[in-house]
Amino acid sequence: MYYDERWIEKQEKGFIRWLNFILTPSEDCVPDVKKPKKVEAGKLIMEASSPLNMARDVRAPSKETLSFRLYSAQRRFNRLRRSACLLWQSDDFIKVIQKIEKEIENGGLKIRKDRKVWADIGLKQRILDMLLFFNPLWLRIGLETIYGEMIYLRDNSDVLGLSHFIVTRLLSNPDLCRDYSHPTVPHLYKEGYDDCLARHILKKFLLLLCFMDKAKQRRLIDHDPCLFCKDADFKATKDLLISFSRDFLGGEGDIIKHLSYLGYQVGHAQTALDEFDFSVSKLSTDLRDGVRLARVVGMLTNDWSMMTSLRVPAISRLQKIHNIDVSFKHLSQTGLDVQSAKDGRITPKHIVDGHREKTLAFLWRIIFNFQVELLLNVNQLKDEIKFLQADLMVKRNLNVAMKNFLKQGYSLDRRESCDPDLYFKSAPLSLLLKWCKAVCAYYGMQVENFTVSFCDGRALCYLIHHYHPALLPLDVIRTKTTQTYHDTSNGEDTADVSGNDSFCAQWTATFSPRTGKDGLVDELLANERQNFKILFEKVQEIGGIPMMVKFSEMSGTIPDEKVVITYVTYLCSRLLDIRQETRAARVIQAAWRKHSLKTHFALNEEKSDAVKILQRAVRKFLKTTQSQKQVAMATKIQAWWRGTAYRRIVRRQTEKLCLEIKNKAAIMIQRFVKGYIQRKVYQEMVCAAIYIQAWYRGQTAQTEFMKVKYASMIIQHFYRGCLVRKCYLKQRQYVIKIQTAIRRCLAMRHYQKRYNAIAYLQTKIKAFIVGRCQQLAYKRKINAVVVLQSAVRDWLLKKRKQENAATLIQAFVRGCIQKKLYEAKRDFIISIQAHTRAWICRKTYVSKRNAIVTIQRSIHAWAIGRKQHNTYSELKKSAVLLQSHMRGYLQRKKYTTIQRAVVRIQSFLRASNCRKQYSKKQNAISLMQRNVRLWLKGRRELRAVHTLQQYTRAYLAGKRQIQEFGKMKQAVVVMQSKIRGWMARKHFDLLKKSALVLQALFRGLVCRRSFVKTKRHIVCLQMHMKVFITGRLVRKEFLAKKRAAVMIQSYLRGLQQKQKYIQIKEAISIVQKNVRAFQCQKIYKAQRAATMVIQRRLRAWILGRRQVETYQKTKQVIVAIQSYTRGFLERKRFQRMRKAAIVIQTNFRTRRCQKKYQQRRLAIIYLQRQMKAWICGRTRAIQYQLIRKATITIQSFTRQYLTRRAYHKKCQATILIQAYTRQYLSRKKYCQLRLSTILIQHYYRQSILARTQRQKYLLERRSAIKIQSNIRGHFARRHLSFQKQAAIGIQKRWRETLIARETRNRFLVKVGAAVTIQAAFRIYQLRNLMARQQKAATVGERKQFRHCIKGTKLGRI
């Protein structure tokens, strides 16, 4: 056996397509879709209430809806409906339904009274949005099951159709509207309508949720899609139910707990695994996590218990091995042990590592065990093969069919495949191969394996054609392929090689491009490509078959055997599934053929017997007449010979004259023909020249027009470009000016801020430098004073000891003066700082306030513009609606007037045509009668002449012949008269019956036509009157609704504007509060810092004051001590005073240094604060600039959005206007075409009627001629009295038949009326009985429920 190098790639591609076919849903099912766009409930209600949509026409099914794929999809959907109905009718579910209905009827569950769902469109919209969170397929099944009727949609994803059904049937009830409606006022209902409708909505909503939850838990749908949309707001049924109870139900706490007491339990929650994308793109990577593999195993075994034990998402290797091990264990439980060493051990590690051969082998085992074995029904295949054998035997001769049948592959001695165990050990596969052979035997094709025999696509096309010849005709299949060319070129030598899968040397020698047969090979490959293309198209129409094969993987190579087996298995199961209709047709055809053969043989036998009898009679008659003919022929020959001799003489004389005349005539004809040919050639040349001139002129005009058009387009493009560039340059200049102004303003502000900061810093630095210089000068002075004081003290100690105290006092006084000056400067600087800070705060507050005011103005302007835009759009919509209705009314009025005029014209023309035809027919009949009478007179005279000739010839022949001839003549005349009389009577009876039938049919047709015309006119008048009346009523209702809607809209818009104003006001107040709090905090912090500085200064001044006071006290004490102790201890006193002065100086100097340090420290702290404040201001300014830019960008985007929105609305308006104009033009064209087609149809029908009438007239004329001839020949021998009696009898019978028909028709009309009255009366009785039974049932149920409640209360007591 030989495989090519691409077998793994082919098998992998085929298995990937099979996996996608299994994992992804089919086209007729809805996949896990996203949440649909918002569907407006108000629009649906208006559409449902409009009279145009009340009666929708049910269209005939199209070609697509009648295809096999959609037929099978409809069958699957009907099976799904059946399973849903069984779930709905189960005992558990019926108990839950009864309990919920009783609870709702008793008021245990009810909708709040302020929630009027029937009148509030917003509440209907909310419920509709809740239900549209579900998958449309689940929602459709739930609605159809609950309501017990089929919902006709375009497809399963028709959200608009489902929304229409929900709005008209769930959120409303036509029966309740009919029962509670006011008899005269539309849309006005009696009391109790609100409660009944609320109970109806609550019942249906709760039952719908419960049913869809139970159906999802039981996995009614095969591919098990998600219950909710992937982007829905709710992913659990409990959450949706809680939200519904919170918004609509009254007096409910925990709705889940309340419903659980009634047996109503919902527990579905959509997980990430449900929303997992199971499609496969690469086999070696997508199956590693084990999720898709577990999904495949679950779908094939219909057991989903293992999905709960999966680890999703599988990140690590151990988690992936665990997931795949779960699938393997589940397969081993079902009987497929993959990890056994019998057929090759496959472990989960092989799948996780992406081992291609092991993965493909594992998938083949799954396909073989769960698809091939289950799809192929062995008994069904055996029956089909037997039927094919029998059918083939019927079509051919028995011996030839058996020989060909055995030659074409039913001898099992040959080698059928490369793997004999695959076909012979597996009964389904061997039967599948036999089935393929049996089908292809009809077309003379040998099928020996599942590889090369299917590589050209013929076998697959033959399989489809055999079961559905109308779907795939036989003449479409290309029979010339590489396989047929190979068989014909090799002959008998390649017969043994055809069963092998390997390419031989002859194959390569035949189909190599180097041999010079490129064109033939390309043609054969093109035929194979066409076969596969047709096959794929027809397989898609059949549906239910995975597209596992491709042309590139089949033609020119050896197809993968496993892929072909899987594909043929699906095709076989699908064809046998839908073969019931075709097989029934075949059985009927075979039975009809057998019956037709039997009848044909019986007729042939009868004909042969009749022919034998006729031949005997004819032979006897010929024998008797032959002798007479011989005598007559002899006389004729003699007469002919004499006549010919005389005619030869005359002919010779006339030939000379004829030759002369012919020569002259030929010359004249030649002249005429030559002139005619020359004129014709000249006319053709003239026409050709005219045509060429017209074409040339048209081409030149077209080229000139195209040039002008191109030039005008270039000019237009250039002009438009110039206009656009000018507009762009103007806008650019305006933008540049605005940007320069804004930048200038920003630069000026930034420059002012920097200038003020620099000036402030300069003043601070200058003040600091001046203070530093003064401090230095003060230090120098103090040092100089200290030096002078020390010198003076040294000098004065000697001279004046008492002057020391004076110097100390002077120094203290000078220090106090400097302190006061410093404190004055410091207070001045503090006041300047406070003013500057206040100015900065005011400036920032003013800028922020201006920004907030501008934002508020822009928001107010945007809100006002939005409001005006909404009002304008609503007014525009209402105006467009009114215009459309008015135009429709005018068009209908015009159409009715035109239709009436056309009907009158047609009736007048038809009447005139009928009169003309009648007059023509009358004239033609009178002419015919005259001609027939003249012809009969001439025929009688000719008959008399012929009889005289016969008598004379018979007399001349001899007396004997005269006697014999007289006898024979008399016998023949008698026979002829009898036969002619019998034939004439029979023909007359037939013509009489046909004439009576034709007269009756013609009179009935005339009466029906007149009745139909009158009926059409009356129906048209009624329809127009009904349309006019309904239009007036609808207009009144529309105006009332419009007024109410305008009032409601104005009230709602006022509320919305008030709410918006309150919200904006609250936002502004919050912003103002925050700004004021921030300013107060800032002022408080500044005041706190200033108070802290003041407190420090005060404390320092108080400490200095205390020290000065202590110093003065000590000084006074010392002075007193000095005054008391001067005399006694002068030296000791001096020393002590000196020591005391030194101590005082040291303390004073330390205090002064401390003061200087404190001043420097405070100055540095102040500078730091100023720098921090400047940095904060800078950051806040940057933040403000960013916020301002952001607001500018937001404003620009909002303006762009508004302009875009306005532009889109204008575009939509223009599109609508264009659509209406095009519609008007198309209507106009359609009316013109309709009128022209009506005229053409009228003339065409007139021509057809004229032809049919002429044919009928010719037939009647011929029949009348024959009847007249036979009747006159017959009535010439009879008396006129017989004719009168026959006519009287015919008239009596005809009148009796007419009277009987009239009485029968009257009786049938009376019987039909009686039957209709009886049916109506019975329906009325049945309705009364049903109503009584329903009332009795409701009364009985209420009594039972009351007894149950009483029993439960007594049991509790």
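Just so you know, these numbers come straight off a predicted model, no measurement behind them.

A. Region of interest: the overall build of the protein chain. Helix and strand counts for the protein chain come out as 32 helices and 0 strands. When each of the 1357 residues of the protein chain is scored for burial, the buried share is 27%. Across the protein chain, contacts joining residues at least 24 apart in sequence account for 74% of those joining residues at least 6 apart. Surface exposure of the protein chain reaches about 94,800 Å², of which carbon and sulfur atoms provide 61%.

B. Here's a closer look at a nonpolar patch on the surface. A cluster of nonpolar side chains, Ile-669, Phe-672, Val-673, Tyr-676, Ile-677, Val-681 and Met-685, forms an exposed patch at the surface whose accessible area comes to about 690 Å². For Tyr-676, the position within the fold is in helix 28 (residues 580–799).

C. Local environment of unusual backbone geometry. Residues other than glycine seldom take positive phi values, yet Arg-219 does so here, at roughly 55°. Relative to the assigned elements, Arg-219 resides in the loop between helix 10 (193–218) and helix 11 (237–248).

D. Looking closely at helix 11. The first and last C-alpha atoms of helix 11 sit 16 Å apart over 12 residues, in line with the 16 Å expected at 1.5 Å per residue. Within helix 11 the residues assigned to the buried category are Thr-237, Leu-240, Leu-241, Ser-243, Phe-244, Ser-245, Asp-247 and Phe-248. Buried residues in helix 11 make contact with helix 6 (121–131), helix 10 and helix 12 (255–261).

E. Quick look at the packing of helix 7 (residues 136–147) against helix 8 (residues 159–170). Here helix 7 crosses helix 8 at 35°, and the two axes come no closer than 11 Å. In terms of crossing hand, the pair formed by helix 7 and helix 8 is left-handed. Residue-level inspection shows Pro-136, Leu-139, Arg-140, Leu-143 and Tyr-147 of helix 7 in contact with helix 8, the latter providing Val-159, Leu-162, Phe-165, Ile-166, Arg-169 and Leu-170. Here the residues of the contact of helix 7 with helix 8 sort into 9 nonpolar, no polar and 2 charged.

F. Representation of a positive patch on the surface in the model. Together, Arg-910, Lys-921, Arg-1009, Lys-1013, Arg-1016, Arg-1245 and Lys-1256 give the surface a local cluster of positive charge. When residues in the positive patch are grouped by element, the largest group, 3 residues, is from helix 30 (residues 959–1125). Counting through the fold element by element, Lys-921 comes out in helix 29 (residues 803–957). On the basis of relative accessible area, Lys-921 is assigned to the partly exposed category, the value being 32%.

G. Region of interest: the packing of helix 14 (residues 291–301) against helix 17 (residues 356–375). Relative orientation of the contacting elements helix 14 and helix 17 amounts to 15°, with a least axis distance of 11 Å. When the interaxial angle is binned, helix 14 and helix 17 end up roughly parallel. Where helix 14 crosses over helix 17, the handedness of that crossing is left-handed. Residue-level contacts link Leu-293, Leu-300 and Thr-301 of helix 14 to Phe-362, Ile-366, Phe-370 and Gln-371 of helix 17. Of the residues belonging to the contact of helix 14 with helix 17, the class tally is 5 nonpolar, 2 polar and no charged.

H. Spatial organisation of the pattern of salt bridges. Overall, the coordinates contain 11 salt bridges when judged by the stated rule. The residue Arg-112 makes a salt bridge to Asp-114 at a minimum N-O spacing of 3.4 Å. Residue Asp-114 is classed as exposed on the basis of its relative accessible area of 57%. Of the charged contacts, one joins Asp-289 and Arg-292 as a salt bridge, the two residues approaching to 3.7 Å between their closest N and O atoms. Its relative accessible area of 15% is what places Asp-289 among the buried residues. With relative accessibility at 10%, the residue Arg-292 sits in the buried group.

I. Highlighting the nonpolar core. The biggest cluster of nonpolar side chains holds 94 residues, and the ones touching the most others in it are Trp-18, Phe-362, Trp-435, Phe-450, Phe-454 and Leu-535. Counting residues per element, this core draws most heavily on helix 27 (residues 561–577), which supplies 10 residues. Beyond its immediate chain neighbours, meaning those up to four positions away, Trp-435 contacts Leu-381, Glu-384, Ile-385, Leu-388, Leu-463, Tyr-467, Cys-572, Leu-575 and Leu-576. Formed by 71 residues, the second largest nonpolar core is a distinct cluster that contains Ile-100, Leu-128, Leu-227 and Leu-241.

J. A look at the side chain of Gln-270. The residue Gln-270 is located in the loop between helix 12 and helix 13 (283–286) in this model. For Gln-270, the side chain forms a polar contact with the main-chain nitrogen of Phe-228, separated by 2.8 Å. Discounting residues that sit within four places of it in the chain, Gln-270 has contacts with Cys-226, Leu-227, Phe-228, Cys-229, Lys-235 and Glu-275.

K. Structural view of the packing of aromatic side chains. Inspection of the entire model under this criterion finds 15 aromatic pairs. When the centroid spacing of 4.4 Å and the interplanar angle of 10° are considered together, the rings of Tyr-443 and Tyr-462 count as stacked. Here Tyr-443 is found in the loop between helix 21 (427–440) and helix 22 (458–467), whereas its partner Tyr-462 is found in helix 22, with 19 residues between them in sequence. Note on Tyr-443: relative accessible area 22%, which makes it partly exposed. The class of Tyr-462 is buried, set by a relative accessible area of 5%. Pairwise contacts between aromatic rings join Trp-88, Phe-93 and Phe-211 into one cluster. One residue, Lys-204, lies across the ring of Tyr-147, its end atom 4.8 Å from the ring centre.

L. Highlighting the confidence of the model for the protein chain. On average, the protein chain scores 76 in pLDDT, and the residues at 70 or more come to 85%. For the stretch residues 51–66, pLDDT sits under 50, and the model shows 8 contacts to residues farther than four places along the chain or on other chains. Considering only residues more than four positions removed or in separate chains, one finds that residues 492–517, a stretch of pLDDT under 50, has 39 contacts.

M. Here's a closer look at the environment of Leu-331. Examined against the element boundaries, Leu-331 turns out to sit in helix 15 (residues 317–334). For Leu-331 and Thr-301, which are 30 residues apart along the polypeptide, the C-alpha to C-alpha distance reads 8.7 Å. What Leu-331 contacts, discounting residues up to four positions off in sequence, is Val-297, Leu-336, Val-338, Phe-362, Ile-366 and Phe-370.

N. How the structure looks around the state of the cysteines. Under the defined criterion, the tally for this structure stands at 0 disulfides. Of all cysteine sulfurs, the one in Cys-229 lies closest to Cys-226, which takes part in no disulfide; the gap is 9.2 Å.

About the criteria used
Residues numbered from 1 in each chain as written. Predicted model: local features only at pLDDT ≥ 70, side-chain atom pairs only at ≥ 80, totals over all residues. Heavy atoms only, no water. Helix = DSSP H or I, 4+ residues; strand = E, 2+ residues; numbered from the N terminus. Buried < 20%, exposed > 50% of the residue type's maximum accessible area, 1.4 Å probe, protein only. Contact = heavy atoms within 4.5 Å. Areas by Shrake-Rupley, 256 points an atom, 1.4 Å probe, with all protein chains shown as cover. Patch = residues over 30% accessible without salt bridge, like charges linked within 9 Å, V, L, I, M, F, W, Y side chains within 5 Å. Salt bridge = Lys/Arg side-chain N within 4 Å of Asp/Glu carboxyl O. Expected span 1.5 Å × (residues − 1). Axes fitted to C-alpha atoms, helices over the stretch in contact; angles between N-to-C directions. Left-handed = near helix turned anticlockwise from the far one by under 90°. Nonpolar A, V, L, I, M, F, W, Y, C, P; charged D, E, K, R; others polar. Lys, Arg positive; Asp, Glu negative; His and termini not counted. Charge placed at Lys NZ, Arg CZ, Asp CG, Glu CD. Parallel < 35°, antiparallel > 145°, perpendicular 65-115°, else oblique. Core = buried A, V, L, I, M, F, W, Y, C linked by side-chain atoms within 4.5 Å. Polar contact = N/O pair within 3.5 Å; in protein donor to acceptor, adjacent residues only side chain to side chain. Phe/Tyr/Trp six-rings, centres within 6.5 Å; stacked < 30°, edge-to-face > 60°. Lys NZ or Arg CZ within 6 Å of the ring centre and 35° of its normal. pLDDT = per-residue confidence, 0-100. Disulfide = S-S within 2.5 Å.

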